Amino acid sequence: MPSMTRRQQFTGLIGWFIVSFAVSAVGAIASIEARSFYAGLEQPDWAPPGWLFGPVWTLLFALMAIAAWLVWRNGGFRTNRIALSLFLTQLAFNALWSWLFFAWRLGGPAFADILLLWVLILATLVAFWRAERLAGILLIPCLLSMRVPALLNDTLPRRHPGPLRT
């Protein structure tokens, strides 16, 4: 792939931010009632406060956008089709989890989704690492951070079987 101009690189970066944060917005729409719903659930002692999720997820989506951009600018879709397709797939499952857990309150399917999401993030991280090492490194916080919602998704439906159907 021929070298990209600075303008093309900048446009690509903005594009990946738009894609990542559009998916984040889809998840946020499902989470409109999340604050009151989450606050109304008896939380385990180790659960982070609800207000922390917004800033953390904003940072994680920014890291994902930058990682995707780094891979994209290193050969585009032609060279990195698998890596970028994995990235887009994991974004879709990321948004789906918010709908399953917060909007539809389906604890069991949400847990299955988050386990699949963890696998997809890991596969994306490996593919990104091979294409552009820094891109893989930027996905490590995303992979590690999935532990908290996965553990909450496992714990809360057992504590609250009514509000979170399995």
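Everything discussed here concerns the structure shown above.
What comes next is a walk through the structure. Keep in mind it's a predicted model, so treat the numbers as computed, not measured.

A closer look at a nonpolar patch on the surface
Okay, so step 1: A contiguous nonpolar surface patch, about 380 Å² in accessible area, is contributed by Leu 116, Trp 118, Val 119, Leu 122 and Val 126.
Okay, so step 2: Counting through the fold element by element, Leu 122 comes out in helix α5 (residues 107–131).
Okay, so step 3: A relative accessible area of 33% places Leu 122 in the partly exposed class.

Some details on the packing of α5 against helix α7 (residues 147–159)
Between two packed helices, both the angle of their axes relative to each other and the distance between the axes serve to describe the pair.
Okay, so step 1: The contact between α5 and α7 brings their axes to 9 Å, and the two run at 160°. What the angle tells us is that α5 and α7 run roughly antiparallel. For the pair α5 and α7, the sense of crossing is left-handed. Contacts from Gly 107, Ala 110, Phe 111 and Ile 114 in α5 reach Pro 149, Ala 150, Asn 153, Asp 154 and Pro 157 in α7.
Okay, so step 2: Taken together, the residues of the contact of α5 with α7 sort by class into six nonpolar, two polar and one charged.

A look at the nonpolar core
Okay, so step 1: Phe 101 and Phe 128 are the most contacted members of the largest nonpolar core, which has 46 residues in total.
Okay, so step 2: Those elements that provide at least two residues to this core are α1 (6–30), α2 (34–39), α3 (53–72), α4 (76–103), α5, α6 (133–145) and α7.
Okay, so step 3: Ranked by residue count, the leading element in this core is α3, at eleven residues.
Okay, so step 4: When near neighbours in sequence (up to four residues on either side) are disregarded, Phe 101 contacts Phe 37, Leu 106, Ala 110, Asn 153, Leu 156 and Leu 164.

Criteria and thresholds
- Residues numbered from 1 in each chain as written.
- Predicted model: local features only at pLDDT ≥ 70, side-chain atom pairs only at ≥ 80, totals over all residues.
- Heavy atoms only, no water.
- Patch = residues over 30% accessible without salt bridge, like charges linked within 9 Å, V, L, I, M, F, W, Y side chains within 5 Å.
- Areas by Shrake-Rupley, 256 points an atom, 1.4 Å probe, with all protein chains shown as cover.
- Salt bridge = Lys/Arg side-chain N within 4 Å of Asp/Glu carboxyl O.
- Helix = DSSP H or I, 4+ residues; strand = E, 2+ residues; numbered from the N terminus.
- Buried < 20%, exposed > 50% of the residue type's maximum accessible area, 1.4 Å probe, protein only.
- Axes fitted to C-alpha atoms, helices over the stretch in contact; angles between N-to-C directions.
- Parallel < 35°, antiparallel > 145°, perpendicular 65-115°, else oblique.
- Left-handed = near helix turned anticlockwise from the far one by under 90°.
- Contact = heavy atoms within 4.5 Å.
- Nonpolar A, V, L, I, M, F, W, Y, C, P; charged D, E, K, R; others polar.
- Core = buried A, V, L, I, M, F, W, Y, C linked by side-chain atoms within 4.5 Å.

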